[in-house]
Amino acid sequence: MLGLGVDRLQADINRLLTSLFHQGVLDEQFLQLQQLQDDTSPTFVYDVINIYFDESEKLLRNLRLLLMDREFSDYKKIGLHLNQLVGSSSSIGARRVRNVCVAFRSASELNNRPGCLRGLEVVEHEYHYLKNMMHELFQVLIHVISYTHNSLYNYLIDPT
Amino acid sequence: MARDGGVSCLRSSEMMNVGIRGMESPPLDVDEVHVLAVDDSLVDRIVIERLLRITSCKVTAVDSGWRALEFLGLDNEKASAELDRLKVDLIITDYCMPGMTGYELLKKIKESSSFRQVPVVIMSSENVVTRIDRCLEEGAEDFLLKPVKLADVKRLRSYLTRDVKVSNGNKRKLPEDSVTVNTSLPPPPPPLINSSDSSDSSPPLTISPESSDSYSPLSPVEIFSSPLSSQLDEEDDVLTSSPESSPAPEESPIRRQKMESPGLD
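In the annotation of an unreviewed UniProt entry, chain B is listed under the name Response regulatory domain-containing protein and assigned to Eruca vesicaria subsp. sativa. Looking at the Subcellular location (unreviewed entry) heading of the UniProt record, one finds this comment for chain B: "Nucleus". UniProt annotates chain B under Sequence similarities (unreviewed entry) with the comment "Belongs to the ARR family. Type-A subfamily."

As recorded in an unreviewed UniProt entry, chain A goes by the name Histidine-containing phosphotransfer protein, listed as coming from Eruca vesicaria subsp. sativa. As recorded by UniProt, the Function (unreviewed entry) comment attached to chain A reads in full: "Functions as a two-component phosphorelay mediators between cytokinin sensor histidine kinases and response regulators (B-type ARRs). Plays an important role in propagating cytokinin signal transduction."

Below you can see the structure in the form of structure tokens.
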């Protein structure tokens, strides 16, 4: 009983991850992160991704504020923010977000305001897609954990 | 996990303060590789720190070139080399950083007398050949393309080990003046080596597999717990000149002992 339930959840995780890899949302760097998780740092992947979300949202907010300003002209600043986003996205394996940030950055290098606005929209879209997918993944993982705990608990109460 | 650019290890100067009050030493494992990582991105700092820790390095991660210089004691004009015998085995820095770039940091490190021999590795997300060449010309040991992977860091670790085992006159030696220090400050107490404590270093960085019993006649613990200077000198000579000593008599703990306790002559 214990095995079957966890297997199903594990299959869900695998399916989700495989899909994300196929779509190019994630790349192999995401797998590298998993290699960094062990008993001494058991929630590493979860922690890093959450920090990535915090940092990215700050940057995206700043980018939107900059571009919404009618008198905006600081393309260099946009570029700096995007360098950060490109870097951190690539470090956690968020390939699609990284790629659309690079495209956005090209527009900023050409001082192309409408291009930047479009670029920002695309980045925001990809970012939120990734975030939702990660949340889904975490939800399944939480289910695995609580399922395992419940099963273990039940087993300990009544090992029949 | 560390979320700030704070310093996470003891400086030698702090060790010295501890020594003044008594003969206690902080549990500094001299055999551990200590890496200074510099990156303005929090996410990248966390990843690089984890990559290094998982390969048994002690890590200090800072968020800017300025903080790196500050940590190394290179941030002001006065020569603080004698006061701050910091043990840094490798510096790994991002190239693109606001304020001071990794390249500028590299130059400053190579210009310093205390740290010019520390290998510096540059990381960058851009594969720009001219940038790579420039860094290598300025003395960078290696150039890593981001995102950095475990295999990259393992490779770095392996050539650090090689350096340390090769010879006495290698990159990890501190400059000559640190050996004949004549400041008014008491010398740092010899650090205790507790080899059973190095549980997260597998394999131990600087000790070759067969060498743990080749420090004869004295084990590292005995060497480092001896408080008397003359005794230490004697032991030094015994270790380096004895034919029974390990195949590489310039094994790092011995050399490091010289580095760490220079004023005991």
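Here the narrative resumes, following the displayed structure.
**Student:** I keep staring at the packing of aromatic side chains and nothing clicks. Help me out?
**Tutor:** Applying the stated criterion across every chain yields a total of 5 aromatic pairs over all chains. With a centroid separation of 4.7 Å and 65 degrees between ring planes, the pair formed by A:Y46 and A:F138 is classed as edge-to-face. Here A:Y46, found in helix α3 (residues 44-68), pairs with A:F138, found in helix α6 (residues 113-157); they are 92 residues apart in sequence, far enough to count as distant. Measuring from centroid to centroid gives 6.0 Å for A:Y52 and A:F53, while their planes differ by 50 degrees, and the two rings are tilted. Each of the two residues, A:Y52 as well as A:F53, counts as buried. An aromatic cluster is defined as three or more aromatic residues linked by ring pairs; in this entry it consists of A:Y52, A:F53 and A:Y127. Seen from the ring of A:F53, A:K131 lies directly overhead, with NZ or CZ sitting 5.6 Å from the centre. Seen from the ring of B:Y103, B:R134 lies directly overhead, with NZ or CZ sitting 4.1 Å from the centre.

**Student:** What is the right way to read the pattern of salt bridges from this model?
**Tutor:** For side chains of opposite charge, pairing can occur when their charged atoms come near one another. Here the structure, examined in full by the defined rule, presents 17 salt bridges over all chains. The partner of A:K131 in a salt bridge is A:E57, and the shortest N-O contact between them spans 2.7 Å. Pair noted here: A:K131 is in helix α6 and A:E57 is in helix α3, with a separation of 74 residues, a long-range link. One network of salt bridges, in which partners are shared, links B:D39, B:D44, B:D94 and B:K146.

**Student:** Quick question: what am I supposed to make of the packing of helix α3 (residues 65-72) of chain B against helix α4 (residues 102-111) of chain B here?
**Tutor:** For any two helices packed against each other, one specifies the crossing angle of their axes together with the interaxial distance. Residue and element names in this part refer to chain B. Axis separation between α3 and α4 bottoms out at 10 Å; the angle between their running directions is 20 degrees. As the angle between them shows, α3 and α4 are arranged roughly parallel. As α3 runs across α4, the sense of the crossing is right-handed. Counted together, G65, A68, L69 and L72 of α3 and L105, K108 and I109 of α4 form the full contact between these two elements. Classifying every residue of the contact of α3 with α4 gives 5 nonpolar, 1 polar and 1 charged.

**Student:** What is the right way to look at the interface of chain A and chain B in this model?
**Tutor:** Size of an interface: often given as the accessible area lost when the parts come together. Contact with chain A, which involves 23 residues of that partner, is made by 18 residues of chain B. In total, about 1800 Å² of surface goes out of reach between chain A and chain B, with carbon and sulfur atoms giving 61% of it. Among the residues chain A hides against chain B, the three largest losses belong to A:Q29, A:L36 and A:I51. Together they make up 29% of the total. At the junction of chain A and chain B, the tally comes to 3 salt bridges. Of all elements in the fold, only α2 (28-35), α3 and α4 (75-92) of chain A reach the threshold of two or more residues within the side of chain A that touches chain B. Examining the composition of the side of chain A that touches chain B, we find that 7 residues originate from one element, α3(A), more than from any other. Across the side of chain A that touches chain B, the residue classes break down as 7 nonpolar, 10 polar and 6 charged.

**Student:** Honestly, the sheet that holds strand β4 (residues 120-124) of chain B in this entry has me stumped. Any pointers?
**Tutor:** Pairing between sheet strands relies on hydrogen bonds along the backbone, with the strands arranged either parallel or antiparallel. Residue and element names in this part refer to chain B. Spatially, the 5 strands line up as an open sheet ordered β2-β1-β3-β4-β5, and their pairing is parallel. Here the strands that pair on one side only, and so sit at the sheet edges, are β2 (57-62) and β5 (142-145). The mean inter-strand angle of the sheet, taken between neighbouring strand axes irrespective of direction, is 20 degrees. In the packing of helix α2 (residues 42-54) onto the sheet, contacts are made with β1 (33-38), β2, β3 (90-94) and β4, and the angle to β2 comes to roughly 165 degrees. Its contacts with the sheet put α4 on β1, β3 and β4, and the angle it makes with β4 is roughly 175 degrees.

**Student:** Would you mind going over the pairing of β5(B) with me for this structure?
**Tutor:** Looking along a regular strand, one sees the side chains alternate between the two faces of the sheet. All names here are of chain B. Judged from the 4 bridges that link them, β4 and β5 form a sheet pairing that is parallel. What sits directly across from I122, in β5, is F143. Since β4 and β5 lie parallel, the crossover through helix α5 (residues 129-137) that links them has a hand, and here it is right-handed.

**Student:** How should I be thinking about the nonpolar core in this particular structure?
**Tutor:** General note: in soluble globular proteins, nonpolar side chains tend to be found buried as a group. Of all hydrophobic cores here, the largest spans 70 residues; its most connected members are A:F30, A:Y52, A:F104, A:M134, B:I48, B:L52 and B:I92. With 12 residues, the single largest contributor to this core is α3(A). Once residues lying within four places of it in the same chain are set aside, the contact partners of A:Y52 are A:S88, A:S89, A:I92, A:A94, A:V97, A:Y127, A:L130 and B:V43. One finds B:L72, B:V88, B:I132 and B:A140 within the second-largest nonpolar core, a separate group that totals 25 residues.

About the cut-offs
- Residues numbered from 1 in each chain as written.
- Chains lettered and ligands numbered in written order.
- Predicted model: local features only at pLDDT ≥ 70, side-chain atom pairs only at ≥ 80, totals over all residues.
- Heavy atoms only, no water.
- UniProt positions renumbered as here; feature names shortened; annotations may be inferred.
- Phe/Tyr/Trp six-rings, centres within 6.5 Å; stacked < 30°, edge-to-face > 60°.
- Helix = DSSP H or I, 4+ residues; strand = E, 2+ residues; numbered from the N terminus.
- Buried < 20%, exposed > 50% of the residue type's maximum accessible area, 1.4 Å probe, protein only.
- Lys NZ or Arg CZ within 6 Å of the ring centre and 35° of its normal.
- Salt bridge = Lys/Arg side-chain N within 4 Å of Asp/Glu carboxyl O.
- Axes fitted to C-alpha atoms, helices over the stretch in contact; angles between N-to-C directions.
- Parallel < 35°, antiparallel > 145°, perpendicular 65-115°, else oblique.
- Left-handed = near helix turned anticlockwise from the far one by under 90°.
- Contact = heavy atoms within 4.5 Å.
- Nonpolar A, V, L, I, M, F, W, Y, C, P; charged D, E, K, R; others polar.
- Buried area = accessible area lost by both parts, 1.4 Å probe.
- Pairing = 2+ DSSP bridges.
- Right-handed = clockwise from strand over helix to strand, strands pointing away.
- Core = buried A, V, L, I, M, F, W, Y, C linked by side-chain atoms within 4.5 Å.

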